[in-house]
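Commentary on secondary and tertiary structure
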Amino acid sequence: MSKNSNLEVCPIARTLSVLGDAWSMLILRDAHAGFTRFDQFRKSLGIAPTMLTKRLSVLVDEGLLEKRQYSEHPPREEYVLTQAGKDFLPALFVIGAWGRKYKPFEHPEKMVTFIDAEQGTEIKPIVIDQMTGAEIGTRPISQKGE
């Protein structure tokens, strides 16, 4: 992001500068599903190893994933969600809900559905403002800042 840019003060632009590509968000999705190893991510995503290495590095540098050594001989590392990574998950589910509604697959029965593991029910996210209890997106907003 360029210095003194209006985008620099926008939290959406700042977030997209880190997570604005599909690979990064899909890596976080897979980490939430329990994947931790490089080969698991590569196989799930069909991503080139060099691209995966870059994306994992950015996610670690930005504090969304943490590297942990799981083997000394040979040295091997795994990637786990940090609190910042976990805090991004609701945004992923909202993106998924939008995609289910506006970018449906030609065979809807084959589309991935996200299920609450404890309740066994489909996750249908909405975003609620903590202060007012109002659903975000149903009322106009304004921007405040310098």
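Residues numbered from 1 in each chain as written. Predicted model: local features only at pLDDT ≥ 70, side-chain atom pairs only at ≥ 80, totals over all residues. Heavy atoms only, no water.

Comments concerning the UniProt feature "domain: HTH hxlR-type" (unreviewed entry) in the protein chain
In the numbering used here, UniProt assigns the "domain: HTH hxlR-type" (unreviewed entry) feature to residues 10-107. End C-alpha to end C-alpha, residues 10-107 measures 38 Å, and it is 62% helix and 13% strand. (UniProt positions renumbered as here; feature names shortened; annotations may be inferred. Helix = DSSP H or I, 4+ residues; strand = E, 2+ residues; numbered from the N terminus.)

Description of the packing of aromatic side chains
Aromatic rings considered in pairs are described by the distance between their centres and by the relative angle of their planes. Applying the stated rule across the entire model yields three aromatic pairs. Each ring, one from Phe35 and one from Phe41, has its centre 6.4 Å from the other, and the planes form 65°; the classification is edge-to-face. Among the residues examined, Phe41 registers a relative accessible area of 0% and is labelled buried. Taken together, a centroid distance of 5.4 Å and an interplanar angle of 40° make the contact between Trp98 and Tyr102 tilted. Here Tyr102 and Trp98 lie together in helix α5 (residues 83-102), a separation of four residues that amounts to about one turn. (Phe/Tyr/Trp six-rings, centres within 6.5 Å; stacked < 30°, edge-to-face > 60°. Buried < 20%, exposed > 50% of the residue type's maximum accessible area, 1.4 Å probe, protein only.)

Things to note about helix α1 (residues 11-19)
Listed as buried for α1 are Ala13, Val18 and Leu19. Along its buried surface, α1 packs onto α2 (22-32), α4 (49-61) and α5. (Contact = heavy atoms within 4.5 Å.)

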